[in-house]
Amino acid sequence: MEHAPRAGRGGGAAVVLTLLIALVEAVEAAAWHRAQEFRAQARAAAEAAVLLRDAAALAGGRPGAGPEPRTGRVTRAAGRGLPAAAPGTGTGTGPPAPGSAPAGSARLVAP
């Protein structure tokens, strides 16, 4: 195999440098576009906050007032949520009672 003339092999470093510059420019462009999207989202959120404040003022609410903070412990209201398991039903969190059938199985009783 013949060696290439010196003039024909000399552009390798320049090609690699050009590719690296193009890669850096592409990464910078992607970051710039992402920043523009974030700015647009922040601007839209600020405009939405102004609209919500105006709507609350028109509805008779206090402008800038958020929900009332909870100061005490909250307990479950009667009739809401999941009912408590009856003792011995096997729906508790503990291990099954001795002699009880595994969940989902039918117990056969001889007549």
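Provided above is the structure to which this section pertains.
Residues numbered from 1 in each chain as written. Predicted model: local features only at pLDDT ≥ 70, side-chain atom pairs only at ≥ 80, totals over all residues. Heavy atoms only, no water.

1. As for the overall build of the protein chain
Argument step 1. Along its length, the protein chain carries 2 helices and 0 strands.
Argument step 2. Expressed as a percentage of its 111 residues, the buried residues of the protein chain come to 0%. (Helix = DSSP H or I, 4+ residues; strand = E, 2+ residues; numbered from the N terminus. Buried < 20%, exposed > 50% of the residue type's maximum accessible area, 1.4 Å probe, protein only.)

2. Examining a nonpolar patch on the surface
Argument step 1. Together, V16, L20, L23 and V27 give the surface a local cluster of nonpolar side chains, amounting to about 370 Å² of exposed area.
Argument step 2. Assignment of secondary structure puts V16 in helix α2 (residues 12-58). (Patch = residues over 30% accessible without salt bridge, like charges linked within 9 Å, V, L, I, M, F, W, Y side chains within 5 Å. Areas by Shrake-Rupley, 256 points an atom, 1.4 Å probe, with all protein chains shown as cover. Salt bridge = Lys/Arg side-chain N within 4 Å of Asp/Glu carboxyl O.)

3. A short note on α2
Argument step 1. The end-to-end C-alpha distance of α2, which contains 47 residues, comes to 69 Å, matching closely the 69 Å that a straight helix rising 1.5 Å per residue would cover.
Argument step 2. Taken from the residues just after α2, G60 is the one with a positive phi, measuring 95 degrees. (Expected span 1.5 Å × (residues − 1).)

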